[in-house]
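# Structural overview for review
Here is what each chain is made of, one letter per residue.
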Amino acid sequence: TQYTAIITETQGRVATITLNRPEALNALSNTLIAELVEAATAFDADPNIGAIVITGSERAFAAGADIKAMLELEYSDILAGGLTSTWNGFEQMLTPTIAAVSGFALGGGCELAMMCDIIIAADSAKFGQPEINLGVIPGFGGTQRLPRAIGKYKAADMILTGRMMGAEEAERSGLVSRVVPAAELREAAQQVAEVIASKSRPSVQAALSTLQAAEETSLAEGLRLERTAFAALFATEDQTEGMRAFAEKREANFKHR
Ligand code: HXC
């Protein structure tokens with residue numbers, strides 16, 4: 001497929017999607033979002049892909065939804081759902097996604113990073129939900145995912161003041177998985193993705209779906225889901241192989257990657 005606002009590439013079992021609207025700091029236009037969701041869901045369906053890296057440029061992961069495009073929209077346009085429903089399918093993927101964030105991750109950019117499973121930040125990364133400065137609020141999940149990630153009080157500080165948070169504060173607050181020097185970001189993300197892609201797919205998918213449940217169910221319900229998923233993995237060849245390999249002091253040779 002020929003994309004205009006993203007670049008896709010694969011290296012081994014890892015796919016990378018690079019947001020590519022440098023003239024607008026990767027602002028998330030409708031076209032960019034549609035291409036990103038299409039590319040990501042296609043990689044999700046590809047059995048040869050075991051992890052997806054989503055990244056931007058050195059200066060910006062993404063500076064948010066496209067403000068110039070939203071300027072003309074009114075209540076009924078948003079209510080009709082064109083803008084906010086565009087991520088359908090992206091959040092339900094069972095291929096792990098890794099956001100590799102350098103520079104600005106603001107508004108929808110921060111929310112896109114939070115839709116991913118892992119966030120690796122360059123030391124230059126700046127996260128924020130500045131929508132309050134535009135007379136609106138986050139619209140791609142920020143009011144829900146940010147407090148779950150960093151707690152109510154940090155989240156309210158970010159969302160009500162619109163201030164930015166650097167990589168160090170973001171890591172300390174639990175918003176990012178790891179911080180690396182900016183020059184090593186792509187390589188670090190690729191390496192993490194390769195590690196994940198080398199695991200047995202049934203266990204990766206079970207891990208992801210139970211992690212997703214942790215964000216939206218009660219502890220009792222989540223524990224029930226975990227018990228069921230854990231038991232189900234004992235019906236896989238890869239469980240036998242993984243445990244046998246350990247007992248035989250060798251690397252596991254998983255069949256379902
Ligand atoms: C459209 C954007 C943009 C955006 C930057 N640009 N962010 N265009 N939408 N979100 C454009 C600028 O207009 C400019 O274009 C070019 O990118 C470079 O940006 P500058 O502002 O000149 O760069 P700089 O001075 O370095 O400032 C960087 C910045 C600033 C601090 C990131 O651009 C900024 O504040 N951007 C907006 C951040 C924001 O409010 N995001 C939240 C959006 S609302 P020209 O043509 O002038 O060179 C949102 C809601 C999500 O995300 C939910 C929706 C349902």
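Keep in mind that what you see is a predicted model, and the values were worked out from it rather than measured.

## Details of empty space enclosed by the protein
Using the criterion set out here, one finds one cavity of 30 Å³ or more in the structure. In this model, the largest cavity occupies a volume close to 70 Å³. Looking at the largest cavity, it is lined by 13 residues, and the ones nearest its centre are Gly50, Pro96, Ile196, Arg201 and Val204. At the level of secondary structure, the elements contributing two or more residues to the lining of the largest cavity comprise α8 (185–197) and α9 (201–216). If one sorts the elements of the lining of the largest cavity by residue count, α9 sits on top with three residues. Residues of the lining of the largest cavity, tallied by class, amount to five nonpolar, four polar and four charged.

## Thoughts on the site of the ligand
Around the ligand, the structure places 25 residues, and the nearest of them are Arg59, Ala63, Ala65, Lys68 and Gly108. At 2.9 Å, a backbone N or O of Ala63 approaches a nitrogen atom of the ligand. Taking Ala65, its main chain carries an N or O atom lying 2.8 Å from an oxygen atom of the ligand. Contributing elements (two or more residues each) for the shell around the ligand: α2 (67–70), β6 (104–106) and α4 (108–115). The biggest single contributor to the shell around the ligand is α2, with three residues. Across the shell around the ligand, the residue classes break down as 14 nonpolar, five polar and six charged.

## Overview of the nonpolar core
Judged by nonpolar contacts, the single largest core of 48 residues is most densely connected at Ile54, Trp87, Phe90 and Phe127. Counting residues per element, this core draws most heavily on helix α1 (residues 30–45), at seven residues. Residues in contact with Ile54, not counting those within four places in the same chain, are Ile17, Leu19, Leu36, Phe61, Phe90, Thr97, Ile98, Ala99, Ala100, Leu112 and Cys116. The next biggest cluster of nonpolar side chains, apart from the first, holds 15 residues, and it includes Val14, Val53, Ala122 and Val204.

## Quick word on the environment of Gln190
Mapped onto the elements, Gln190 comes out in helix α8. In the structure, Gln190 is positioned 41 residues away from Ala231 in sequence and 31 Å away in space, judged by C-alpha atoms. If sequence neighbours within four positions are ignored, Gln190 has contacts with Gln11, Val14 and Thr16.

The rules behind each value
Residues numbered from 1 in each chain as written. Predicted model: local features only at pLDDT ≥ 70, side-chain atom pairs only at ≥ 80, totals over all residues. Heavy atoms only, no water. 1 Å grid on protein atoms, 1.4 Å probe; cavity = no way out; pocket = protein on both sides within 12 Å on 5 of 7 lines; lining within 4 Å. Points joined across faces, edges and corners; volume = space filled by probe spheres on them. Helix = DSSP H or I, 4+ residues; strand = E, 2+ residues; numbered from the N terminus. Nonpolar A, V, L, I, M, F, W, Y, C, P; charged D, E, K, R; others polar. Near = heavy atom within 4 Å. Polar contact = N/O pair within 3.5 Å; in protein donor to acceptor, adjacent residues only side chain to side chain. Core = buried A, V, L, I, M, F, W, Y, C linked by side-chain atoms within 4.5 Å. Buried < 20%, exposed > 50% of the residue type's maximum accessible area, 1.4 Å probe, protein only. Contact = heavy atoms within 4.5 Å.

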